[in-house]
Amino acid sequence: MLHARSIASVVAATAVALPMMTATAQADDWSGYHGVEKYTARLDPVTVNNSDAAGTAQVWLADNDARIRIHVDDVLADHPHAQHIHVGGRGECPTDYDAGIHNGRRALSTLDGIDAYGGVETSLTTEGDTSAASGLAVDRFPTAPEGSVSYDRTLELSDAAADAIRAGNAVIVIHGIDYDGDGTYGDVLGPSDLDPNLPMEATNPAACGPLR
């Protein structure tokens, strides 16, 4: 049974005021708000993990306040999918060459890709805490009904996350794969390298894209 776990580091967020609206503000996407910057990511499948997951992410940013929209198709249906903003790496997605051998099979674990996309800075949960401490809060991530994730949340980013987005060093990663196609998070790849109580399929990257 999957259950919530914490990653060691905790990120403190800085309180900021909400962005000032203009008369032409578009409530649906923050376009037209004073001082808002928009960043997008094309989320491509991590093919070495036998993933077809693909979609888009959009981030509207004003100071440290952000509205984040994500849509991804072709993920494992009715299972939780952790999703994060990763920072501190090369600001890019890993390639198949970064994959390791796990339980005798070639796959890309979260730690295999960390040099490319960096560590978790923001956990894109559906409610509650969004710091790195919620990186494995499985009960607060989307569960992908019919194999699609649709996410829309306004939240306050840490200075590190906001700065990384502006510097082109932030990457969106969607986790959770079905490597062997059996319809569940099983033990085909062994235990997760983030938490041995979770199967690696539950935490391996499924889709990835740098924010630009």
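Residues numbered from 1 in each chain as written. Predicted model: local features only at pLDDT ≥ 70, side-chain atom pairs only at ≥ 80, totals over all residues. Heavy atoms only, no water.

A. Representation of the pattern of salt bridges within the structure. With the rule as written, the count across this model stands at five salt bridges. Here E37 and R166 are joined by a salt bridge, their closest N and O atoms 3.1 Å apart. Of this pair, E37 sits in strand 1 (residues 37–45) while R166 is found in helix 2 (residues 159–167), placing the two residues 129 residues apart along the sequence. Classification of E37 by relative accessible area gives partly exposed; the value is 25%. R67 is the partner of D152 in a salt bridge, and the nearest nitrogen-oxygen pair spans 2.7 Å. With D152 in strand 8 (residues 148–156) and R67 in strand 3 (residues 65–73), this residue pair connects regions lying 85 residues apart in the sequence. Relative accessible area serves as the criterion here: at 13%, R67 is assigned to the buried category. (Salt bridge = Lys/Arg side-chain N within 4 Å of Asp/Glu carboxyl O. Helix = DSSP H or I, 4+ residues; strand = E, 2+ residues; numbered from the N terminus. Buried < 20%, exposed > 50% of the residue type's maximum accessible area, 1.4 Å probe, protein only.)

B. Region of the structure containing the sheet that holds strand 7 (residues 118–123). Taken in spatial order, the eight strands make up an open sheet running 7-4-9-10-1-2-3-8, and their pairing is antiparallel. Either end of the sheet is taken by a strand with one partner, and the two such strands are strand 7 and strand 8. Looking at each pair of strands side by side, their axes are set apart by 25 degrees on average, direction ignored. Sheet analysis places strand 4 (residues 83–88) next to strand 7, joined by five bridges and oriented antiparallel. Residue pairing across strands places H86 opposite V120, the latter belonging to strand 7. (Pairing = 2+ DSSP bridges. Axes fitted to C-alpha atoms, helices over the stretch in contact; angles between N-to-C directions.)

C. Looking closely at unusual backbone geometry. Positive phi is not limited to glycine here, since N50 has a value of about 55 degrees. Its place among the elements puts N50 in the loop between strand 1 and strand 2 (54–62). A relative accessible area of 45% places N50 in the partly exposed class. With a phi close to 65 degrees, D74 is a non-glycine residue in the positive phi region. Considering the arrangement of structural elements, one finds D74 in the loop between strand 3 and strand 4. On the basis of relative accessibility, which here comes to 54%, the residue D74 falls in the exposed class.

D. Molecular detail of the side chain of D178. You can see D178 is positioned in the loop between strand 9 (170–175) and helix 3 (200–203). Buried charge without a partner: D178 forms no salt bridge, and the closest opposite charge is R105, 11 Å away. Here D182 takes part through its backbone nitrogen, which lies 3.1 Å from a polar atom of the side chain of D178. Of the polar contacts made by the side chain of D178, one reaches the backbone nitrogen of G183; its length is 2.9 Å. The residues touching D178, leaving out its near neighbours within four places in the chain, are L76, G183, T184 and E201. (Lys, Arg positive; Asp, Glu negative; His and termini not counted. Polar contact = N/O pair within 3.5 Å; in protein donor to acceptor, adjacent residues only side chain to side chain. Contact = heavy atoms within 4.5 Å.)

E. Looking closely at the pairing of strand 3. Where strand 2 meets strand 3, nine bridges bridge the pair, whose relative direction is antiparallel. Its bridge partner lying in strand 3, V59 is registered against I68. Hairpin connection of strand 2 to strand 3: two residues between the antiparallel strands, including D63 at a positive phi of 55 degrees. Sheet topology places strand 3 next to strand 8; nine bridges connect them, and they run antiparallel. Pairing of R67 across the sheet is with T154, part of strand 8.

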